[in-house]
Amino acid sequence: MHLKRMGAGAVLAAAVCAPLSAQVAGERIQITGEIIDTWCYFSGVMGGPEAVVGSAHHTCALWCSAGGIPVGLLGDDGEVYMVLKLGDDDASAGGDTQLRLASHQITADGMLYQRDGLNYLVVSEVVADDGIVNLSHDDFGVTPGFAIPEPKE
Amino acid sequence: MRTIAMIAVLLGTSPLAAQDFSEGSEARSWNLYAEQPARFEARVVDMLCAVTGDCPEDCGGGQRQIGLLRSVDDVLVYPNKNAQPVFSGAAVDLLPFCGADVEVDGLMLDDPDIGARNIYLVQRIRRLDGDEWINAQSWTENWAAQNPDASGEGPWFRRDPRVAAEIEAHGYLGLGLDVDAAFIADWF
C-alpha cells in the first residue's frame, strides 16, 4: 500500500513538474487523402460528412479556405489531420497553397502530432497531387445549394 | 481514486476532456449537432508553435492559425470559426490577443465519431485584465481592408479575387469548365 502511494505520488509530482503545455513528440508519416474544409465537416452545418467533401463542396471549400477556416486532410483511414503547414508555407489561416489544393486528393509526407484528441499534420512535401477525385456532385449536386449562382437569362 | 483522478486531470486524459464549460456562457446557438456553450479562460497561442515548437514572436503575424490553451486543464482548443456566418475563421479575431490571457465565450464541438474534439466557435473575447468583451466578428472588415479593389455588392466570397481566380480556372466543381457547363445546364 505504501509503495502504491509512493508510486502515485511520484507520478503526480512528475505530472505537476512537467511542462504540460510543451510540444508533443511527432512521428514521420506518409498519408493520402483529401484536403477538406474542417468546419463544415465537423459542424454538419452544410450536411453530413459525405456531402461536404469532393466536387459537391469544392466552391464552399474555397470560400472556407480563403476565409481562414483550418483545412484538414481526410485520410484514407477516415481520420482527419489538421494541416498546420504545407511545405514552406505556414499560412494555415487562408494561405495560397492550401487554397490551391482545396478538395484535391494528395499524398503528404510529413510529421504527425497528436494532442488533446486531434491529429495535427506538418507537411514536408506534397508527394502527389491527384486533383479532385471524389465526384460527390453526382450524388449531392452542390453543397450549399447556392454555391453556384443562378445563371442570368 | 482521488489521486488517480488528479493525475489523469493533470495529464489531460481525464473526464475534463468532456467537462461542462457552459456556466455563465451567453453564447448563441447555431443549432449544430454537437455544439455546447463554452466559456472559459485561456492563453492565446500560435497553433503551430503550441504543437511543434516553431514559435515566431508574433504568432505568425496573421498567417497562422491561433489556438486557445485552456487554463483549467491545459487542453489546446482549436478555434475553427468566428462569430460571423460567412465562411470565416477565428485567427483574425484572436491574433490581437497573441500571448495574452483571455476569457472566451462560444460553442464547443465534441463529436468523436468524426474526429471533432476541442473544436471551437468563438463568439466573444475579453482580456483577463480588462472588462470589455469584444465580439469575434472582425474578419469581413479585415478582408475589405486587404481587398480594396474588390468592393461592390454581394458577400465577400463572391468578390474575393483568389476564389474568383480558382473558379475561373477550374470551375465551381473544380473539374474544369466543360464539366461545370454540363452540370449547370442540368442543375438550374
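These notes cover the structure that comes with them.

Cut-offs applied
Residues numbered from 1 in each chain as written. Chains lettered and ligands numbered in written order. Predicted model: local features only at pLDDT ≥ 70, side-chain atom pairs only at ≥ 80, totals over all residues. Heavy atoms only, no water. Core = buried A, V, L, I, M, F, W, Y, C linked by side-chain atoms within 4.5 Å. Buried < 20%, exposed > 50% of the residue type's maximum accessible area, 1.4 Å probe, protein only. Helix = DSSP H or I, 4+ residues; strand = E, 2+ residues; numbered from the N terminus. Domains from an automatic or database assignment. Contact = heavy atoms within 4.5 Å. Buried area = accessible area lost by both parts, 1.4 Å probe. Salt bridge = Lys/Arg side-chain N within 4 Å of Asp/Glu carboxyl O. Polar contact = N/O pair within 3.5 Å; in protein donor to acceptor, adjacent residues only side chain to side chain. Disulfide = S-S within 2.5 Å. Pairing = 2+ DSSP bridges. Axes fitted to C-alpha atoms, helices over the stretch in contact; angles between N-to-C directions. 1 Å grid on protein atoms, 1.4 Å probe; cavity = no way out; pocket = protein on both sides within 12 Å on 5 of 7 lines; lining within 4 Å. Points joined across faces, edges and corners; volume = space filled by probe spheres on them. Nonpolar A, V, L, I, M, F, W, Y, C, P; charged D, E, K, R; others polar.

Description of the nonpolar core
Then step 1. Of all hydrophobic cores here, the largest spans 57 residues; its most connected members are A:Y41, A:F42 and A:Y120.
Then step 2. In terms of residues, this core owes the most to one element, helix 3 (residues 58-66) of chain A, which gives 6 residues.
Then step 3. Taken together, domain 1 (18-136) and domain 2 (147-187) of chain B each give at least three residues to this core, which thus spans both.
Then step 4. Beyond its immediate chain neighbours, meaning those up to four positions away, A:F42 contacts A:V80, A:M82, B:N80, B:L109, B:I114, B:G115, B:A116 and B:I119.

Quick word on the interface of chain A and chain B
Then step 1. The interface is formed by 62 residues belonging to chain A together with 59 residues belonging to chain B.
Then step 2. Buried surface at the junction of chain A and chain B, summed over both partners, amounts to about 5,300 Å²; 69% is from carbon and sulfur atoms.
Then step 3. Where A:D90 meets B:R64, a salt bridge forms, and the shortest distance between an N and an O atom there is 2.9 Å.
Then step 4. Our count for the chain A to chain B interface comes out at 17 residue pairs in polar contact (both at pLDDT 80 or more).

Notes on unusual backbone geometry
Then step 1. Following A:T143, the chain continues to A:P144 via a peptide bond in cis, the omega torsion being -5°.
Then step 2. Along the chain, A:P144 turns up in the segment after helix 5 (137-140).
Then step 3. One non-glycine residue, A:D116, adopts positive backbone phi at about 50°.
Then step 4. Looking at the element boundaries, A:D116 is found in the loop between strand 4 (105-115) and strand 5 (118-129).
Then step 5. Backbone geometry places B:C59, a non-glycine residue, at a positive phi of 60°.
Then step 6. Tracing the chain through its elements places B:C59 in the loop between helix 2 (47-52) and strand 2 (66-70).
Then step 7. For B:C59, a relative accessible area of 5% corresponds to the buried category.

As for the state of the cysteines
Residues and elements named next belong to chain B.
Then step 1. This model, assessed by the stated rule, comprises 2 disulfides over all chains.
Then step 2. Across the disulfide from C49 sits C55; the S-S distance is 2.1 Å. Here C49 and C55 share a disulfide; its torsion about the S-S bond, 85°, makes the bridge right-handed.
Then step 3. Judged by relative accessible area, C49 falls into the buried class, the value being 17%.
Then step 4. Given a relative accessible area of 40%, C55 falls into the partly exposed group.
Then step 5. There is a disulfide in this structure between C59 and C98, and the S-S distance comes to 2.0 Å. Disulfide C59-C98: torsion about the S-S bond near 80°, hence right-handed.

Looking at the pairing of strand 5 (residues 116-127) of chain B
All names here are of chain B.
Then step 1. The element strand 5 is extensively covered by neighbouring structure, given that 10 of its 12 residues are classed as buried.
Then step 2. Sheet topology note: the strand 3 (residues 76-81)/strand 5 ladder contains 3 bridges and is parallel. If you follow P79 over to strand 5, its bridge partner there is Y120.
Then step 3. Inspection of the sheet shows strand 4 (residues 101-111) paired to strand 5 by 9 bridges, in the antiparallel sense. Looking across to strand 5, one finds that L107 is bridged to L121.
Then step 4. Hairpin remark: strand 4 followed by strand 5, antiparallel, with 4 residues in the connecting loop; positive phi at G115, about 90°.
Then step 5. Strand direction decides the pairing type here: strand 5 and strand 6 (residues 134-135), joined by 2 bridges, are antiparallel. What sits directly across from I125, in strand 6, is I134.

A word on the sheet that holds strand 5 of chain A
All names here are of chain A.
Then step 1. Spatially, 1-2-3-5-4 is the arrangement adopted by the 5 strands of the closed barrel, whose pairing is mixed. Adjacent strand axes in the sheet meet at a mean angle of 55° when their direction is disregarded.
Then step 2. Bridge count for strand 3 (residues 80-86) against strand 5 is 5 bridges, and the pairing is parallel. Bridge assignment links Y81 to a residue of strand 5, and that residue is N119.

Description of the layout of surface pockets
Then step 1. Roughly 440 Å³ of volume is contained in the largest pocket.
Then step 2. Looking at the largest pocket, it is lined by 22 residues, and the ones nearest its centre are A:A93, B:G62, B:V92, B:N142 and B:Q146.
Then step 3. Taken together, the elements giving at least two residues each to the lining of the largest pocket come down to helix 3 (91-94) and helix 4 (139-146) of chain B.
Then step 4. Taken domain by domain, the lining of the largest pocket gets at least three of its residues from each of domain 1 (18-136) and domain 2 (147-187) of chain B.

Some details on empty space enclosed by the protein
Residues and elements named next belong to chain A.
Then step 1. With the rule as written, the count across this model stands at 2 cavities of 30 Å³ or more.
Then step 2. Considered as a void within the structure, the largest cavity measures approximately 50 Å³ in volume.
Then step 3. I35, I36, D37, A61, C64, S65, I69, P70, V71, A102 and S103 are the residues that line the largest cavity.
Then step 4. Those elements that place two or more of their residues in the lining of the largest cavity are strand 1 (27-37) and helix 3.
Then step 5. Partitioned by chemical class, the residues of the lining of the largest cavity number 8 nonpolar, 2 polar and 1 charged.
Then step 6. What the second largest cavity holds in volume is close to 30 Å³.
Then step 7. Lining the second largest cavity are V83, L84, K85, L86, D89, A91, S92, T97 and Q98.
Then step 8. Looking at the lining of the second largest cavity, the elements that each hand over two or more residues are strand 3 and helix 4 (96-100).
Then step 9. The biggest single contributor to the lining of the second largest cavity is strand 3, with 4 residues.

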